[in-house]
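Structure assessment
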Amino acid sequence: MKVAVHGASVRPDSRLRAALCALARRGHAVTWVGANAPACDALRVVSSDRELRPGDADLVVGERSALALAWRAWRWHARAGLLAIRATDLAGWGFFERWGWDTLPLQALIEEHEGEHVRTLAGDLPLERFVLWHTEGNPSERPSSPDAELLEHAGERALARHAGPMRRPVFFVDRDGTLIVEHGYLADPAGVELLPGVADALRLLQAERVPIVVVSNQSGIGRGKFGVDDMLAVMARLRVVLRERGVELSGIYVCPHAPGAGCACRKPGTELLERAADDHQALLAHSWMVGDKLLDAATGRAMGGTGVLVRTGYGAKEEEGAAGSEWGRPDRVFDGLAQAAAAFLASRDALDTA
Ligand SMILES: [Mg+2]
């Protein structure tokens, strides 16, 4: 995400301050506009919005006033917003604040202990647009902080809702061996190396407004080979490398468990895809899951969509063993992501004209 923060609206004691720093450390491009910037090396700080360049902000973030945030969104060409509010803010909202709320796809962040109070004040404001901060633990600038996770998903949900209420086909894609060179338990951001044709393929999907969602098994965490922060540093590097090539990922979902842990999120389990489907309004039956392992393709079929194998990474070897594999045969097989992306678009177009 490309995020611009209305700095003057953010309270000095807000959870948002640390969470925005952590969000930037997760690889999102966060620009703090105006006063009160926290000391955070990952943030870009500008003194006024005259320094914002076109395209710097997909999402605006601020506190207190929906009207002020909607105005910034219009001025900064952003598509959606995140608004941290307290019950005292909401209690003072009149017609214009509610108009601001209605004009922008907003997700509102509120403190957990104010949840009930806000619910009574919200009136006819839809509760699905309210998100509760986690209040366990202190605010943290670490990329693995629960607040950063919450902010990331709330922002992605807000952006997805800008695209309208219709559910749409999503391009779910594996990371290692599919987007980047397979290194085996990659824990060093310096090892992020895009496979040939990947950036062009994702740019093509993005130009056609296809949500691109990475779904990755990172069992190295569960096996004790590296930590969550190491994984997030690699994911942050992936976001930055792709942004340098004009691609913004719609979302990243990770299973940290080892095989045999009994979780439902590890592919071919579909929990992550179902969570992503809710955030990104995915139409699973027409979505694809693309990866370099047969279990990636099996995940696509298990979600009720299309399971696709690419011959990069482990893919060519996996294809050879497909006949006797417990995961079964993939629905489609392609040499690489470029061919898979082109075929996805062709299938979507066929759907539109059917
Ligand atoms: Mg893989």
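Before going into details, it helps to say that this report is about the structure given with it. (Residues numbered from 1 in each chain as written. Predicted model: local features only at pLDDT ≥ 70, side-chain atom pairs only at ≥ 80, totals over all residues. Heavy atoms only, no water.)

On to empty space enclosed by the protein, then. What the rule picks out here adds up to one cavity of 30 Å³ or more. The space that makes up the largest cavity amounts to roughly 70 Å³. Along its surface, the largest cavity is lined by R11, S14, R15, E63, A84, I85, R86, L109, I110, E111 and W133. Taken together, the residues of the lining of the largest cavity break down into five nonpolar, one polar and five charged. (1 Å grid on protein atoms, 1.4 Å probe; cavity = no way out; pocket = protein on both sides within 12 Å on 5 of 7 lines; lining within 4 Å. Points joined across faces, edges and corners; volume = space filled by probe spheres on them. Nonpolar A, V, L, I, M, F, W, Y, C, P; charged D, E, K, R; others polar.)

Take the side chain of E111 next. Of note, E111 is situated in the loop between β6 (106–110) and α5 (115–122). One buried charge, E111, has no salt-bridge partner; the nearest side chain with opposite charge is R15, at 4.5 Å. With sequence-adjacent residues up to four places away left out, E111 is seen in contact with R15, L132, W133 and T135. (Helix = DSSP H or I, 4+ residues; strand = E, 2+ residues; numbered from the N terminus. Buried < 20%, exposed > 50% of the residue type's maximum accessible area, 1.4 Å probe, protein only. Lys, Arg positive; Asp, Glu negative; His and termini not counted. Salt bridge = Lys/Arg side-chain N within 4 Å of Asp/Glu carboxyl O. Contact = heavy atoms within 4.5 Å.)

Another point: the layout of surface pockets. The computed volume of the largest pocket comes to approximately 840 Å³. As for the largest pocket, its lining consists of 29 residues, and the residues nearest its centre are R79, R209, V210, P211 and S250. Counting residues per element, the ones that place at least two in the lining of the largest pocket are α6 (146–162), α7 (198–207) and α13 (337–353). No other element matches α6, which puts four residues into the lining of the largest pocket. Taken together, the residues that form the lining of the largest pocket break down as 13 nonpolar, five polar and eleven charged.

Inspection of the entire model under this criterion finds one disulfide. There is a disulfide in this structure between C21 and C40, and the S-S distance comes to 2.1 Å. Because the torsion about its S-S bond is 80 degrees, the bridge between C21 and C40 counts as right-handed. Placement of C21 in helix α1 (residues 15–25) and of C40 in the loop between β2 (29–33) and β3 (44–46) is noted, with a sequence separation of 19 residues between them. On the basis of relative accessibility, which here comes to 9%, the residue C40 falls in the buried class. Free of any disulfide, C255 has its nearest neighbouring cysteine sulfur in C265, separated by 3.1 Å. Judged by its relative accessible area of 0%, C255 is buried. (Disulfide = S-S within 2.5 Å.)

The next point concerns the packing of aromatic side chains. If you walk through the whole model with that rule in mind, you get seven aromatic pairs. Seen from their ring centres, W288 and F344 are 5.5 Å apart, and the 90 degrees between their planes marks the pair as edge-to-face. Of this pair, W288 sits in strand β11 (residues 288–291) while F344 sits in helix α13, and the two are 56 residues apart along the sequence. Taken individually, W288 and F344 each receive the classification buried, so the pair is uniform in this respect. An aromatic cluster of three or more residues is present, and its members are F171, W288, F334 and F344. Lying over the aromatic face of Y185, K225 brings its terminal NZ or CZ to 4.9 Å of the ring centre. (Phe/Tyr/Trp six-rings, centres within 6.5 Å; stacked < 30°, edge-to-face > 60°. Lys NZ or Arg CZ within 6 Å of the ring centre and 35° of its normal.)

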